[in-house]
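If you want the building blocks of each chain, they are given just below.
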Amino acid sequence: LGGGFYYVNASVGTPAQEVALDIDTGSSDVWMFGVHSCDETTSVCAGGAFDETASTSITIISEGTFKIQYFTQGSGVVGDYIGDIFAIGSQTIKNLTMGVASQAVSVNTGIMGIGFDTNEAAYASDIAQGDTNVQPYPNLLDVMKSQGLVSSRSYSLYLDDLEAATGSIVFGGYDKAKFQGDLGVLDIQPDSQSGTY
């Protein structure tokens, strides 16, 4: 789908609709393009689009409230928050909260955010507006753990050699064959201004 990114092949809804999403360790929302957000003049929708009307297992959580902006000036996505089936590899996650874009500008791929839940778009927006009573929704790692698919809210990435076409991601642990020596534990440092991780 393009250089510089690592993608995961996933499926969403019932029947399953295939999407390829950019794995993003720095954001926390899983979102994909909706069929009406794909406009060659604004975003190319690499990785495919999800048709909300074609899924029999979807729940619309909140229309038009999914909003995320990126570092590129003027870029961003607006759409719906939904709950639906999300499958990666051989695992099926039920009722995952995700975003479906109805409009996208200067964003070329959907995202599988696996960062801390305090980086979720809705939570960060509410906190920035002074609402301290909000709570993040259970993100991908939270839901995988609560549904017993993994034993810990952790993951490990193996990007392979620069010349390799693929890498791997392990949820809930790590692959001992992918490194030598011992792993160390480092404390996570909160942001000095916001206090979030």
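See the structure printed just above.
Residues numbered from 1 in each chain as written. Predicted model: local features only at pLDDT ≥ 70, side-chain atom pairs only at ≥ 80, totals over all residues. Heavy atoms only, no water.

A.B. asks: What am I meant to see in the pattern of salt bridges here?
C.D. replies: Opposite charge on two side chains allows them to pair when their charged atoms are near. Scanning the entire structure with this criterion turns up 2 salt bridges. Residues R153 and D142 are paired through a salt bridge, measuring 2.6 Å at the closest nitrogen-oxygen approach. Taken as a pair, R153 in the loop between α2 (140-146) and β9 (155-158) and D142 in helix α2 lie far apart in primary sequence, 11 residues in all. Its relative accessible area of 15% is what places D142 among the buried residues. Salt-bridge contacts for K178 lead to D175; the nearest nitrogen and oxygen are separated by 3.5 Å. Under the relative-accessibility criterion, K178 is labelled partly exposed at 37%. (Salt bridge = Lys/Arg side-chain N within 4 Å of Asp/Glu carboxyl O. Helix = DSSP H or I, 4+ residues; strand = E, 2+ residues; numbered from the N terminus. Buried < 20%, exposed > 50% of the residue type's maximum accessible area, 1.4 Å probe, protein only.)

A.B. asks: So what exactly am I meant to see when it comes to the side chain of S28 here?
C.D. replies: Looking at the secondary structure, you find S28 in the loop between β2 (17-24) and β3 (30-34). A distance of 3.4 Å separates a polar side-chain atom of S28 from the backbone oxygen of G115. Looking at S28, its side chain comes within polar contact range of the main-chain oxygen of F116, at 2.2 Å. When neighbours within four sequence positions are excluded, S28 is seen to be in contact with G113, I114, G115, F116, D117, N119, E120, Y137 and N139. (Polar contact = N/O pair within 3.5 Å; in protein donor to acceptor, adjacent residues only side chain to side chain. Contact = heavy atoms within 4.5 Å.)

A.B. asks: Which parts of the structure should I look at to understand the environment of A121?
C.D. replies: Note on placement: A121 falls in helix α1 (residues 121-128). Using a relative accessible area of 12% as the deciding quantity, one classes A121 as buried. For the pair A121 and G83, spaced 38 residues apart in the sequence, the C-alpha separation amounts to 16 Å. What A121 contacts, discounting residues up to four positions off in sequence, is D29, F66, K67, I68 and Y81.

A.B. asks: Mind showing me how you'd approach a nonpolar patch on the surface here?
C.D. replies: Together, Y6, L157 and L159 line one region of the surface with nonpolar side chains, adding up to about 250 Å² of accessible area. Secondary-structure assignment places L157 in strand β9. We classify L157 as partly exposed; its relative accessible area is 39%. (Patch = residues over 30% accessible without salt bridge, like charges linked within 9 Å, V, L, I, M, F, W, Y side chains within 5 Å. Areas by Shrake-Rupley, 256 points an atom, 1.4 Å probe, with all protein chains shown as cover.)

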